[in-house]
Amino acid sequence: MNESIVSPLFSAPSLYVVATPLGNLRDLSPRARDTLAAVDVVAAEDTRHSQKLLDAFGIRARRLLAVHGHNEQQAAGQIIECLAQGEHVALITDAGTPAISDPGARLVARVRVAGFTVSPVPGACAAVAALSVAGIVEGGFRFFGFLPAKEASRREALMALVDERDAMVFYEAPHRVKACVVDMAEVFGGGREILIARELTKLHEEIAMMPLVDAGAWFDADTNRVRGEFVLIVRGADVSSGIDAAALRVLGLLLDELPLRTAVRLAAEITGAPRKGLYAHALERRR
């Protein structure tokens, strides 16, 4: 029998990566509650935020330790010392599963290298929650987390994904989300579908599926829609399009300077891509 079924902790000192609710406190699992109550140290992204979670369940942490993007390497050393002294440590983030576009991955890697057990205590994950309601049945998915904040870098990153066949999952911040979906429409074409998941499991949860061409207007229709935490899922490229990222980049550059038909003709001659497919992409971009 697995000893963790009887006790929330293993006999040897271990690091437990504990998923916490995205918003709805009822999503914290019984095992997660038992683990947080039993460990010697709770390592949290924001100790003040996590203290509220612990208080809601009557959990009195013996010790809280801050682990965030600015101190992760230093905190990893402290946690390894705790483990070496025989203590058990739980790692949590502000919401969802740690080390998924949040601090923790470097910490987990160092603890593993140091020879200690790292055990998952699974639960809420924003990316998986959004995927479960996307209804995208073909192919798989790829998780990319946050795109670059600067427009030029973001567009460059998106251009590299034009030919990606699987659904693409992104996180985005409220002050960048509209600009991000507008860039996606420009790069991927307005006909691609996007699922926008906002404030998952929270009071103002909103989930909408639409063509990328409509996404900017969707945000404009209600100023409240740019508030909160976002998961964006973009459908993968059509396998039958037969146009690679390099050809689409050439087409985009030509469309910035020339009439549509001329740009399409030259792009086809330069790249060898099918003119019909280029024309369809050009129409989507102009829309």
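Scroll up for the structure.
What comes next is a walk through the structure.

Cut-offs applied
Residues numbered from 1 in each chain as written. Predicted model: local features only at pLDDT ≥ 70, side-chain atom pairs only at ≥ 80, totals over all residues. Heavy atoms only, no water. Pairing = 2+ DSSP bridges. Helix = DSSP H or I, 4+ residues; strand = E, 2+ residues; numbered from the N terminus. Axes fitted to C-alpha atoms, helices over the stretch in contact; angles between N-to-C directions. Phe/Tyr/Trp six-rings, centres within 6.5 Å; stacked < 30°, edge-to-face > 60°. Core = buried A, V, L, I, M, F, W, Y, C linked by side-chain atoms within 4.5 Å. Buried < 20%, exposed > 50% of the residue type's maximum accessible area, 1.4 Å probe, protein only. Contact = heavy atoms within 4.5 Å. Parallel < 35°, antiparallel > 145°, perpendicular 65-115°, else oblique. Left-handed = near helix turned anticlockwise from the far one by under 90°. Nonpolar A, V, L, I, M, F, W, Y, C, P; charged D, E, K, R; others polar.

### Focus on the sheet that holds strand 1 (residues 14–18)
So, step 1. Pairing within the open sheet is parallel, and its five strands lie in the order 3-2-4-1-5. If you trace the sheet from one side to the other, it starts and ends with strand 3 (64–66) and strand 5 (117–121), each paired once. In this sheet, neighbouring strand axes are inclined to one another by 25 degrees on average, regardless of whether the strands run parallel or antiparallel.
So, step 2. Summarising the sheet, strand 2 (residues 41–44) and strand 3 pair through three bridges and their orientation is parallel. Paired with Ala43 across the strands is Leu65, a residue of strand 3.

### Focus: the packing of aromatic side chains
So, step 1. Counted by the stated rule, this structure contains six aromatic pairs.
So, step 2. Consider the rings of Phe10 and Tyr16, whose centres lie 6.0 Å apart with planes at 10 degrees: the pair is stacked.
So, step 3. A centroid spacing of 5.5 Å and a plane angle of 20 degrees characterise the contact between Phe144 and Phe170, whose relative ring orientation is stacked. With a gap of 26 residues between them, Phe144 in strand 6 (residues 141–146) and Phe170 in strand 7 (residues 167–172) connect regions that are remote in the sequence.
So, step 4. Joined through ring pairs, the aromatic side chains of Phe143, Phe146 and Tyr171 make up one cluster.

### Thoughts on the nonpolar core
So, step 1. Of all hydrophobic cores here, the largest spans 40 residues; its most connected members are Phe170, Met184, Phe188, Ile194, Ile196 and Leu232.
So, step 2. Beyond its immediate chain neighbours, meaning those up to four positions away, Phe170 contacts Phe144, Gly145, Leu147, Leu158, Leu161, Met184, Phe230, Val231, Leu232 and Val234.

### Here we look at the environment of Val113
So, step 1. Within the element layout of this structure, Val113 appears in helix 5 (residues 105–113).
So, step 2. Residue Val113 is classed as exposed on the basis of its relative accessible area, which comes to 75%.
So, step 3. Measuring from C-alpha to C-alpha, the distance between Val113 and Thr47 comes to 26 Å, with 66 residues separating the pair along the chain.

### Details of unusual backbone geometry
Negative phi values dominate among residues other than glycine, just as trans dominates among peptide bonds.
So, step 1. Phi at Ser101 takes a positive value of approximately 60 degrees, unusual for a residue other than glycine.
So, step 2. Structurally, the position occupied by Ser101 is in the loop between strand 4 (89–92) and helix 5.
So, step 3. Overall, Ser101 belongs to the partly exposed group, its relative accessible area being 34%.
So, step 4. The phi dihedral of Thr201 is positive, around 70 degrees, even though this residue is not glycine.
So, step 5. For Thr201, the location among the structural elements is in the loop between strand 8 (193–198) and strand 9 (206–211).
So, step 6. Overall, Thr201 belongs to the partly exposed group, its relative accessible area being 25%.

### Some points on the packing of helix 7 (residues 151–159) against helix 8 (residues 177–188)
So, step 1. Interhelical geometry of helix 7 versus helix 8 gives an angle of 45 degrees and a closest axis separation of 10 Å. Relative to helix 8, helix 7 is oriented oblique. Along this stretch, helix 7 crosses helix 8, giving a crossing that reads as right-handed. In this structure, helix 7 contributes Glu151, Arg154, Arg155, Leu158 and Met159 to the contact, and helix 8 contributes Ala179, Cys180, Asp183, Met184, Glu186, Val187 and Phe188.
So, step 2. A class-by-class count of the residues in the contact of helix 7 with helix 8 yields seven nonpolar, no polar and five charged.

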